[in-house]
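Below, each chain spelled out in residue letters.
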Amino acid sequence: MNTRVCLVAEIALDFTFCVRLFVLDAKELEGEIFAEMRARIKEDDIEIPLREGNYYYYERTLTGKEYTQHCRRLVPIDGPITVHDVMPTGPDAPAEHIILDENVKAEGHDYYNIGALEVSPSGKLVAYAEDTKGDEIYTVFVINAESGQYVGQPLKGITSDIGWAGDDILVYITMDSIFRSDKVWLHNLGSDQSHDICLYHEKDDMFSLGLQASESEQYLFVQSGSADTNFVFYLDLSNQSKELVPLTPRVYGIDTEASHRGNHFYITRRSEEFYNSELVACPLDNITDTTVLIPHRGSVKIQGFQLFENHIAVYERENGVPKVIVYRLPATGESVGQLQGGQAIDFVDPAYAVEPGPSQFHSNVIRFYYSSMRTPHSVFDYDMDTGVSVLKNINTVIGGFNPSNYVTERKWSTASDWTQIPISILYRKDMVKLDGSDPVLLDGYGSYEESVDPGFSGSIFSLVDRGFIYAIAHIRGGGEMGRKWYEDGKLLKKKNTFTDFIACAEYLIEKKYCSRETLCIQGRSAGGLLIGAVLNMRPDLFKAAVAGVPFVDVLTTMLDPTIPLTTGEWEEWGDPKKEEYYYYMKSYSPVDNVKAQEYPHILVTAGLNDPRVMYSEPAKFVAKLRELKTDDNLLLFKCDLGAGHFSKSGRFESLREDAFTYAFILKALGMASQTKACLL
Ligand SMILES: *[C@@H]1O[C@H](CO)[C@@H](O)[C@H](O)[C@H]1NC(C)=O
Ligand SMILES: *[C@@H]1O[C@H](CO)[C@@H](O)[C@H](O)[C@H]1NC(C)=O
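The model shown is predicted, which means the values in this text are computed figures rather than measured ones.

Rules behind the numbers
- Residues numbered from 1 in each chain as written.
- Chains lettered and ligands numbered in written order.
- Predicted model: local features only at pLDDT ≥ 70, side-chain atom pairs only at ≥ 80, totals over all residues.
- Heavy atoms only, no water.
- Helix = DSSP H or I, 4+ residues; strand = E, 2+ residues; numbered from the N terminus.
- Rg over C-alpha atoms; globule rule 2.2 N^0.38 Å.
- Contact = heavy atoms within 4.5 Å.
- Areas by Shrake-Rupley, 256 points an atom, 1.4 Å probe, with all protein chains shown as cover.
- Lys, Arg positive; Asp, Glu negative; His and termini not counted.
- Charge placed at Lys NZ, Arg CZ, Asp CG, Glu CD.
- Patch = residues over 30% accessible without salt bridge, like charges linked within 9 Å, V, L, I, M, F, W, Y side chains within 5 Å.
- Salt bridge = Lys/Arg side-chain N within 4 Å of Asp/Glu carboxyl O.
- Axes fitted to C-alpha atoms, helices over the stretch in contact; angles between N-to-C directions.
- Parallel < 35°, antiparallel > 145°, perpendicular 65-115°, else oblique.
- Left-handed = near helix turned anticlockwise from the far one by under 90°.
- Nonpolar A, V, L, I, M, F, W, Y, C, P; charged D, E, K, R; others polar.
- Near = heavy atom within 4 Å.
- Polar contact = N/O pair within 3.5 Å; in protein donor to acceptor, adjacent residues only side chain to side chain.
- Buried < 20%, exposed > 50% of the residue type's maximum accessible area, 1.4 Å probe, protein only.
- Phe/Tyr/Trp six-rings, centres within 6.5 Å; stacked < 30°, edge-to-face > 60°.
- Pairing = 2+ DSSP bridges.
- Core = buried A, V, L, I, M, F, W, Y, C linked by side-chain atoms within 4.5 Å.
- pLDDT = per-residue confidence, 0-100.

A few words now on the overall build of the protein. Scanning the protein for helices and strands turns up 12 helices and 36 strands. Its C-alpha atoms give the protein a radius of gyration of 25 Å, within 12% of the compact-globule value 26 Å for 680 residues. On the principal axes, the C-alpha backbone points of the protein span a range of 70 × 65 × 50 Å. By sequence separation, contacts in the protein at least 24 residues apart represent 58% of the contacts at least 6 residues apart. Counting only carbon and sulfur atoms, one obtains 50% of the accessible surface of the protein, whose full area is about 28,100 Å². Side-chain charges in the protein split into 65 positive and 97 negative, and the spacing between the mean points of these groups amounts to 4 Å.

In structure tokens, the structure reads:
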């Protein structure tokens, strides 16, 4: 890490001295924080297995190893899956088989990521997608699940979207020269990649493709989508002729997503009028004959759904929090009508994150992942008939971690147009004074309709146990409060994202969580754009800022359709070839708005192989700041030479970025020499 920082320093000669000083001073602290973070992780661990066909599948981590082992064991006695199902592991249990050990595959690579691992329908083969640079261009290998031997030649230049269409056919997606997923291919195992059949080519460069198997495992769905529009094709796996059939029409502003159960397709449909989506079903043989299962609601957004033989689980958002509602469905042969009597799964914390886990279609058990800022990642199996919920596992946090030492809150700040903006807050009861003197780290994102739900982060306790209050601003442009929340923070309303964040910062100061002298902010990627923008708008409000792989040269990037993520994002930011968008974008794009003024302490990071935010963007931002800023505060630029958009790939190595960031924040606040994190 130091060589990389020094290398950056060599590029920027004028800054070498400052960087070296920082490295020497904060290096020890960084090492200490890294050691703390690592010590919280239970290094040898095993995931809760998922029963699928004749096997339990699970992942295992080992002491000292960066990556995961993918394992399975035979199911000794068949029988229905229940919430109490436990994989036998005793001496009489079937032996564990390691399908793939990422630690072995990763040897000799600085970066290693498995983007997909799919078991073939018979369970005999496994296809996996591997990226060894961080550039998100994958090579797909097929191996024999038992012997690990390669089957056929690897497929090159693939995305991580792969799916089985039978035991000898793979479907996959490739990208064009601007990293846009544009072609769906069919590959017959054993044949040369050059003979693969292109099933569909999406020529419109605003759209990109995605692939998804139905829970019933009878269909593959291909979606073509932009920010506003999405339509779906299907591949019927039982049909000998492997053709993509259009399911929903390509209509501008209509967004559909589909899955299958019995004699029906189930489809979520969003339009301008039904902006939070409705859920409909149609018979397989007449897709125009739709029945509304859940009508559109202004206050509840349908995020997605998961189908089972006898149930449907609908993932919704209401008032800023995610919800899971389970309905029993009529037998598969019968027609479906509007859904009644849904059962909402209960969650305890005031704000939390919940995500669907992998579940078995032919069971009454839904698995979901739950966490909150103070509740470590938990796996629940929920019996959809009885409502019984069983906690299968809660992640161990080593070192006597006790959730009851911490407080999580959901607060609301008021934006300039009176909109109420949710904020999630975490702190340690016995370490904060709440008199305005506590340090705060405020995080934000606010783009692409992404919801940054307040889940658990082990790393953040290196700050929280040093007396920090950690907060997330759920600003417009994200999806936390439904579709409108997103629409009100994009295109010509993008500045709401920034002013909302400023309103959250001011709220935290007004309510005495912190002061300007103790408020630090951070954001990554589009969140890094947020940080750049608010730094230009209100540099006086913050003590320190971290912009990770920040999208800060918005105008230049969006004017260049030959680079990744431009054409596909004109619906997100606007097309600056149109005058109105050009001037609006120019009025907030961070690189174009750096002024001769005082800025807080700033850390900017980049990844050399990053295809999403090219390293030139943050480099340009830093150069502009160095040229114009009038203060003597720290301004660090750290470019990772062995990674892309997602930093380091190993589970320990990836902590180093957080350790570096937190060391920077502590140094900026003058807390670098203070004692260690409070030990329990
Ligand atoms: C199989 O697919 C072909 C081509 O899409 C279609 O014409 C035919 O009706 C399908 N057969 C069945 C049984 O669905
Ligand atoms: C399909 O459904 C529509 C709407 O209910 C109906 O008008 C049409 O006749 C149906 N088509 C067939 C072939 O059954």
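This part takes up a nonpolar patch on the surface. There is a patch of nonpolar side chains on the surface, built from Leu 608, Tyr 615 and Leu 641 and spanning about 240 Å² of accessible area. Mapped onto the elements of the fold, Leu 608 is located in the loop between strand 35 (601-607) and helix 11 (616-628).

A word on the packing of helix 6 (residues 495-510) against helix 7 (residues 526-537). The contact between helix 6 and helix 7 brings their axes to 9 Å, and the two run at 70 degrees. Here helix 7 runs roughly perpendicular to helix 6, going by the angle between their axes. Both helix 6 and helix 7 take part in a crossing whose hand is right-handed. Along its contact with helix 6, which presents Thr 497, Phe 498, Thr 499, Phe 501 and Ile 502, the element helix 7 presents Leu 529, Leu 530, Ile 531, Ala 533, Val 534 and Met 537. Looking at the contact of helix 6 with helix 7 residue by residue, the classes come out as nine nonpolar, two polar and no charged.

One pass over the full model with this rule turns up 44 salt bridges. Note that Arg 328 and Asp 385 form a salt bridge whose closest N and O atoms lie 2.6 Å from each other. A residue pair is termed long-range when its members are at least 10 positions apart, and Arg 328 in strand 23 (residues 321-328) and Asp 385 in the loop between strand 27 (378-383) and strand 28 (389-394) qualify at 57 residues. Between Arg 538 and Glu 506 there is a salt bridge; the shortest N-O distance is 2.9 Å. One end of the pair, Arg 538, is in the loop between helix 7 and strand 34 (544-548); the other, Glu 506, is in helix 6, with 32 residues separating them in the sequence. Each member of the salt-bridge network shares a partner with another, and the members are Asp 228, Lys 301, Glu 449, Arg 483, Lys 484, Glu 487 and Lys 490.

Glancing now at the site of ligand 2. Taken together, Asn 286, Thr 288 and Asp 289 make up the full set of residues adjacent to ligand 2. Side-chain polar atom of Asn 286 to an oxygen atom of ligand 2: 2.3 Å apart, as the coordinates give it. A distance of 3.3 Å separates an oxygen atom of ligand 2 from a polar atom in the side chain of Asp 289. In the complex, the protein chains occlude 28% of the 360 Å² of accessible area that ligand 2 would expose alone.

In this section: the side chain of Thr 159. Summarising the element assignment, Thr 159 is placed in strand 9 (residues 155-164). Residue class for Thr 159 comes out buried when judged on its relative accessible area of 7%. A polar contact is formed between the side chain of Thr 159 and the backbone nitrogen of Asp 161, at a distance of 3.1 Å. Not counting the four nearest positions on each side in its chain, Thr 159 is found in contact with Ala 129, Tyr 138, Ile 173, Thr 174, Met 175 and Ser 181.

This part covers the packing of aromatic side chains. Tallied over the full model, the rule gives 29 aromatic pairs. Measuring from centroid to centroid gives 6.0 Å for Tyr 67 and Tyr 112, while their planes differ by 80 degrees, and the two rings are edge-to-face. Of the two residues, Tyr 67 is situated in the loop between strand 3 (55-61) and strand 4 (68-74) and Tyr 112 in the loop between helix 3 (102-105) and strand 6 (113-119); the sequence distance between them amounts to 45 residues. Residue classification places Tyr 112 among the buried positions, given a relative accessible area of 1%. For the ring pair Tyr 352 and Tyr 370, a centre distance of 5.5 Å and an interplane angle of 35 degrees mean the geometry is tilted. Of this pair, Tyr 352 sits in the loop between strand 24 (343-344) and strand 25 (353-356) while Tyr 370 sits in strand 26 (residues 365-371), and the two are 18 residues apart along the sequence. Here the aromatic cluster, defined as three or more aromatic residues joined through ring pairs, consists of Phe 347, Tyr 352, Phe 368, Tyr 370 and Phe 380.

Another aspect to go through is the sheet that holds strand 24. The strand order across the open sheet built from four strands is 21-22-23-24, with neighbouring strands paired in antiparallel fashion. Edge positions in the open sheet fall to strand 21 (300-307) and strand 24, since each of these has one partner strand only. Where strand 23 and strand 24 come together, two bridges link them in antiparallel fashion. Across the sheet, residue Ile 325 finds its bridge partner in strand 24, namely Ala 344.

Turning next to the site of ligand 1. Near ligand 1 you find Asn 239, Ser 241 and Glu 243, and these make up its full shell. For ligand 1, an oxygen atom lies 2.3 Å from a polar atom in the side chain of Asn 239. Within the side chain of Ser 241, one N or O atom sits 3.1 Å away from an oxygen atom of ligand 1. About the coverage of ligand 1: the protein hides 34% of its 360 Å² of free accessible area.

With that out of the way, let us pick up the environment of Gly 148. Note on placement: Gly 148 falls in the loop between strand 8 (138-144) and strand 9. Considering only alpha carbons, one finds Gly 148 and Leu 634, 486 residues apart in sequence, at a separation of 51 Å.

This part takes up the sheet that holds strand 26. With respect to topology, four strands assemble into an open sheet ordered 25-26-27-28, the strand pairing being antiparallel. Only two strands of the sheet have a single partner each, and these edge strands are strand 25 and strand 28. On average, each strand axis in the sheet is tilted by 25 degrees relative to the strand beside it, whichever way the strands run. In this structure, strand 27 lies alongside strand 28, joined through five bridges in antiparallel fashion.

With that settled, the discussion passes to the nonpolar core. Leu 442, Phe 501 and Leu 508 are the most contacted members of the largest nonpolar core, which totals 61 residues. Among the nonpolar cores identified, the runner-up in size contains 37 residues, and Leu 655, Ala 663, Phe 664 and Leu 666 belong to it.

The next thing to look at is the confidence of the model for the protein. Across the protein, pLDDT averages 92, with 95% of residues at or above 70. A low-confidence stretch, residues 1-21 stays under pLDDT 50, and its non-local contacts, those more than four residues away or across chains, total 28 contacts.

Moving on, we get to the pairing of strand 3. Counting buried positions over the seven residues of strand 3 gives five, a clear majority of the element. Here strand 1 (residues 45-46) runs beside strand 3; their pairing, made up of two bridges, is antiparallel. Looking at strand 3, one finds that Asp 45 is bridged to Thr 61. In this structure, strand 2 (residues 50-52) lies alongside strand 3, joined through three bridges in antiparallel fashion. What sits directly across from Arg 51, in strand 3, is Tyr 56. Connecting the antiparallel pair strand 2 and strand 3 is a turn made up of two residues, with Gly 53 showing a positive phi of about 65 degrees. Pairing geometry for strand 3 and strand 4, over seven bridges, is antiparallel. Following the sheet pairing, Tyr 57 is matched in strand 4 by Arg 72. Counting the residues between successive antiparallel strands, the hairpin from strand 3 to strand 4 contains six residues, one of them, Gly 64, with a positive phi of roughly 80 degrees.

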